Amino acid sequence: MRVSSEIQYQQSLLNIQSNYAKLTTLQNQISSGSKLQSASDGPTAMAQVMQNNVQDADFTNDLGMIQDATGKLQSSVDTLTNVQDLLTSVKNLALQANNVTTPGTTNATLATQVNSDLNQLLQYANQTLPDGTYLFGGTASTKVPFSVAATDSSGQPTKIVYNGSQQNSEEIVSQTVSATTQLSGKEVFQSSSRAATVYTGATGAAAGTGTDSASGQGTLIVSHLLTTYAGGSGVSAGSSSAASDTVIGPAGANSLVVNDTSGTGTSGTVSLNGGPAVPFTNLDANLAVTGPAGEVAYVNTTAISPGFDGSVSMTATGSLSTDGGATTTPIDFSGNQIVTNSSTGSITNVNSSNIRQAGTDQVDYQGTSDLFQTLIALRDTIANTQGLSATDRSTLLQQQIADIDRSTNNVANVVGSQSVQSQSLSNFKDQITQLQLDLNQSTSNLQSTDTASAIVDLQQQMNLYQASLQVATQINSMTLMNFMGTGTL
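S.K.: Would you mind going over the overall build of the protein chain in detail, with residue names and values included?
M.R.: Across its full length, the protein chain carries nine helices and 18 strands. The 489 residues of the protein chain split such that 40% are buried. Within the protein chain, contacts between residues at least 6 apart in sequence are counted, and of these 66% link residues at least 24 apart. Surface summary for the protein chain: the accessible area is close to 23,700 Å², and the carbon and sulfur share equals 52%.

So this is what it looks like as structure tokens:
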């Protein structure tokens, strides 16, 4: 095939353009540091770089989510650590109240300090995060978790309720990892694990065999209804018996000993359950007789049988109430009676078989108290607003200290769980960070120019470019005589 001068000329131009383009590409690679200026520079490498960039964005998003979740977990741990310190302080106050020996310290002072700690606890429970959501509201994180529902005449809280969610808030930090960041306040500050119900008082009531649904602390009111006496002695209930008797028990559980010392029923002595003998006359229509445990029966001795000397069986009925007397349950003296609180619907199972006198018992549904109920009850017990005896007050304080210990353990378990999650996220963060570094190194290897190699290639390409220019110059300088001399015409 004949090669014309035109073909030579066009080929030289193509060579110049190709070499110049390669020269420009190498210059751009060296100056920019990237050898992938366009997809044509390395289609396979460019595709990998794009895929790496998508993965890098995912890693960056995961690290942001991890940082956010870790911050929330740390806030939870810090707040609950403060709660633990507060509970230690409250326990010390309870111990002092049970044995006040510090000069200048009074029960009123200690109760005031407990009330102050109660208010501080409320602040901790309503802790907010930087985004304005509540740390212990669970999935209802925009609602104030705890609020004061009732106060006493002094403005002190008597009831604090939970308004948040029962479910914990889970935060997704990657496709495979999540963290429980905003806990339900119920899990942290409320019931943990139910234990045996404990009664403090002198009525004789005890825990029944059923499972209670009531929680925290409550009161059981044991009321007297009617006292009757076996026949033969002539004794009967006094005029104040129904309203003022405190003796309670099934037939034969209590007894009245009547001794007609006059022989005519006009005078003598009566005693209740072996208690002190009380003189009577046939003019006493409402004589108070007290038993050894403080139980009282009002009797009518106006018609004592002449010469009677002996024991008289008594039957004294009563009722039970856990809602302040709003509803009552007749005592049947069995091993298990169900008493329902009409206000809350909660159930208390009472062993009434040994109830022997009316009164009010403090009921501690152990293991179910939330921290607020515990501190409210402790404050009132220290101040002895219930009017308890020293022994009963001490017993109740010990039970409340046990409740504080249980709550402290519960908070400690939550802190431990949050700390473990925080450490797991920290480890996961390290893994993601290392994967991202490796990915970035891979991307850099695909993109970055090998400067030393590129400079060598640039020099070679420069030589080729200059050579192509020289060839083109020679082709352009040919004349007709060149062709004639070579015989190409």
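S.K.: Lay out helix H3 (residues 107–125) in plain terms, naming residues and giving numbers.
M.R.: The end-to-end C-alpha distance of H3, which contains 19 residues, comes to 27 Å, matching closely the 27 Å that a straight helix rising 1.5 Å per residue would cover. Leu 110, Ala 111, Val 114, Asn 115, Asp 117, Leu 118, Leu 121, Leu 122, Tyr 124 and Ala 125 are the residues of H3 that are buried.

S.K.: Now, about the sheet that holds strand S16 (residues 337–340): what can you tell me, with residues and values included?
M.R.: The three strands lie next to each other as S6-S17-S16, forming an open sheet whose pairing is antiparallel. Where the open sheet ends on each side, the last strands, each with one partner, are strand S6 (206–207) and S16. As judged from the two bridges shared by S6 and strand S17 (residues 347–351), these two strands associate in the antiparallel manner. From the neighbouring strand, Ala 207 faces S17, where its bridge partner is Val 350.

S.K.: Explain the nonpolar core to me, using residue names and the numbers behind them.
M.R.: A general feature of soluble globular proteins is that nonpolar side chains tend to end up buried together. Of all hydrophobic cores here, the largest spans 38 residues; its most connected members are Leu 80, Val 83, Phe 189 and Phe 372. If you list the elements that add at least two residues to this core, you get helix H2 (43–98), H3, strand S2 (157–162), helix H4 (185–189), helix H6 (371–383) and helix H7 (390–447). For this core, the element with the highest residue contribution is H2, accounting for nine residues. With residues near it in sequence (within four places) discarded, Phe 189 still touches Leu 80, Val 83, Leu 121, Ala 125, Phe 136, Phe 146, Asp 370, Leu 371 and Phe 372. By size, the runner-up hydrophobic cluster in this structure holds 18 residues, among which are Val 247, Val 270, Phe 280 and Val 312.

S.K.: An account of the packing of aromatic side chains is needed here, citing residue identities and associated values.
M.R.: Applying the stated criterion across every chain, the model contains five aromatic pairs. Centre to centre, the rings of Phe 146 and Tyr 162 are 4.9 Å apart; their planes meet at 45°, and the pair counts as tilted. Placement of Phe 146 in strand S1 (residues 146–151) and of Tyr 162 in strand S2 is noted, with a sequence separation of 16 residues between them. Using a relative accessible area of 2% as the deciding quantity, one classes Phe 146 as buried. The buried category is assigned to Tyr 162, whose relative accessible area is 13%. Between Phe 146 and Phe 189 the ring centres are 5.6 Å apart and the planes differ by 80°, which places this aromatic pair in the edge-to-face class.

Definitions and limits used
Residues numbered from 1 in each chain as written. Predicted model: local features only at pLDDT ≥ 70, side-chain atom pairs only at ≥ 80, totals over all residues. Heavy atoms only, no water. Helix = DSSP H or I, 4+ residues; strand = E, 2+ residues; numbered from the N terminus. Buried < 20%, exposed > 50% of the residue type's maximum accessible area, 1.4 Å probe, protein only. Contact = heavy atoms within 4.5 Å. Areas by Shrake-Rupley, 256 points an atom, 1.4 Å probe, with all protein chains shown as cover. Expected span 1.5 Å × (residues − 1). Pairing = 2+ DSSP bridges. Core = buried A, V, L, I, M, F, W, Y, C linked by side-chain atoms within 4.5 Å. Phe/Tyr/Trp six-rings, centres within 6.5 Å; stacked < 30°, edge-to-face > 60°.

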